[in-house]
Amino acid sequence: MSLLELNGIEKRFGSVEALRGVTLSVEAGSVVGLVGDNGAGKSTLMKTITGIYQPDGGAIRFDGQEVTADTPGHIRSIGIEMIYQDLALAPQQDVASNIFLGREPTKTLFGFIPGLIDRPKIVAEAERMLQRLGARVPSVLSPVGVLSGGQQQSVAIARALTFGPKLVIMDEPTAALAVREVDHVLDLIRELKRQGIAVILISHRLTDVFAVSDRIVALRQGQIIADEVTAETSMNQVVSHIVGS
């Protein structure tokens, strides 16, 4: 059984059909590259999977349970995490604070004053999470704003891991990164796969998609027009799917 199963997903905005019967499966521990031109429906599809949009037709199952009409909070709690292109990090805060932003572990003082933020635990857990990823940052006490783009991407992935996800959706994670930083982010994706975490990689950079994906799914005008094993297709074929030639 697949980890994620989409069956005939439809989404309309007025008279515009953004998604037209999308059927897709993602296996546990696999990397699926999602490609398509601007306006193909990639963002709409991901927002439907994560509960931001409710589909107008079709069904979504995740890890054996129906999640078609679930809220974003519940979707996240059962193991789907999305890392958006803007990363949504707080640049003035340090790395550790960003990893636990909004869900800081707390402790009691003298056994009866609750709700105090457990700063030592935040620092220790942040270091453990980055070590688990093999991510390279100067220090978990460094402000995120001074980090490079690739290092910030590492922080965003580490933050996603604090939820214990089974599926991570990444939106253009290598956009505007230097070559060495791109390689580092691709290594992080491979590490997620090694840990049994599935990844949907949305990217316009086909070289990156070919480097890490097991399958490549092409979306055009709200429909999947190709779903191919990466090793059995070519860059030219994928480009032709995207542009419709």
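Structure's up top.
Residues numbered from 1 in each chain as written. Predicted model: local features only at pLDDT ≥ 70, side-chain atom pairs only at ≥ 80, totals over all residues. Heavy atoms only, no water.

Asker: Describe a nonpolar patch on the surface, and please don't skip the residues or the numbers.
Answerer: Residues Met 235, Val 239 and Val 243 make up a contiguous nonpolar surface patch of about 230 Å² in total accessible area. Take Val 239: its relative accessible area is 34%, and that puts it in the partly exposed class. (Patch = residues over 30% accessible without salt bridge, like charges linked within 9 Å, V, L, I, M, F, W, Y side chains within 5 Å. Areas by Shrake-Rupley, 256 points an atom, 1.4 Å probe, with all protein chains shown as cover. Salt bridge = Lys/Arg side-chain N within 4 Å of Asp/Glu carboxyl O. Buried < 20%, exposed > 50% of the residue type's maximum accessible area, 1.4 Å probe, protein only.)

Asker: Explain the side chain of Glu 191 to me, and be specific about the residues and the numbers.
Answerer: One can find Glu 191 in helix H6 (residues 179-194). Residue classification places Glu 191 among the buried residues on the basis of a relative accessible area of 17%. Polar side-chain contacts of Glu 191 include one of 2.9 Å to the side chain of Gln 195. Look past the residues within four positions of Glu 191 in its chain and what remains in contact with it is Arg 132 and Leu 133. (Helix = DSSP H or I, 4+ residues; strand = E, 2+ residues; numbered from the N terminus. Polar contact = N/O pair within 3.5 Å; in protein donor to acceptor, adjacent residues only side chain to side chain. Contact = heavy atoms within 4.5 Å.)

Asker: Talk me through helix H1 (residues 42-49); I want residue IDs and the actual numbers.
Answerer: Extensive coverage of H1 is indicated by the burial of 6 of its 8 residues. Burial in H1 covers these residues: Lys 42, Thr 44, Leu 45, Met 46, Thr 48 and Ile 49. Positive phi appears at Gly 51, one or two residues downstream of H1, with a value of about 85°.

Asker: How would you explain the sheet that holds strand S12 (residues 223-229) if you had to name every residue and give the values?
Answerer: One open sheet holds the 6 strands; their spatial order is S6-S9-S10-S3-S11-S12, and the pairing between them is mixed. The sheet is open, and its two edges are formed by strand S6 (80-83) and S12, each paired on a single side. The sheet shows a mean angle of 20° between the axes of neighbouring strands, direction not considered. Here 4 bridges tie strand S3 (residues 31-35) to strand S11 (residues 215-220), and the two strands are oriented parallel to one another. Within the sheet, the bridge partner assigned to Val 32 lies in S11 and is Arg 215. (Pairing = 2+ DSSP bridges. Axes fitted to C-alpha atoms, helices over the stretch in contact; angles between N-to-C directions.)

Asker: For the packing of helix H4 (residues 119-133) against helix H5 (residues 149-161), give the residues involved together with the corresponding values.
Answerer: Relative to each other, H4 and H5 sit at 110°, their axes nearing to 10 Å. In terms of orientation, H4 and H5 fall into the roughly perpendicular class. Facing Met 129, Leu 130, Arg 132 and Leu 133 of H4, the residues of H5 in contact are Ser 154, Ile 157, Ala 158 and Leu 161. Class assignment of the residues belonging to the contact of H4 with H5 gives a composition of 6 nonpolar, 1 polar and 1 charged. (Parallel < 35°, antiparallel > 145°, perpendicular 65-115°, else oblique. Nonpolar A, V, L, I, M, F, W, Y, C, P; charged D, E, K, R; others polar.)

Asker: Now, about the packing of H5 against H6: what can you tell me, with residues and values included?
Answerer: Direction vectors running N to C along H5 and H6 enclose 15°, while the axes themselves pass 8 Å from each other. Considered as vectors, H5 and H6 are oriented roughly parallel to each other. Once H5 is placed against H6, the crossing between them reads as right-handed. Contacts between H5 and H6 involve Gly 149, Gly 150, Gln 151, Gln 153, Ser 154, Ile 157 and Leu 161 from the former and Glu 181, His 184, Val 185, Leu 188 and Leu 192 from the latter. (Left-handed = near helix turned anticlockwise from the far one by under 90°.)

Asker: Give me the side chain of Thr 44: which residues, what numbers.
Answerer: For Thr 44, the location among the structural elements is in helix H1. Given a relative accessible area of 14%, Thr 44 falls into the buried group. In contact with Thr 44, not counting residues within four places along its chain, are Lys 11, Phe 13, Ala 18, Leu 19 and Tyr 53.

Asker: Just give me the short version of unusual backbone geometry, but keep the residues and values in it.
Answerer: Unlike most non-glycine residues, Ala 88 shows phi in positive territory, near 55°. The residue Ala 88 is located in the loop between S6 and helix H3 (95-99) in this model. A positive phi angle, close to 50°, is found at Glu 172, a residue other than glycine. With respect to the helices and strands, the residue Glu 172 is situated in the loop between strand S9 (167-171) and H6.

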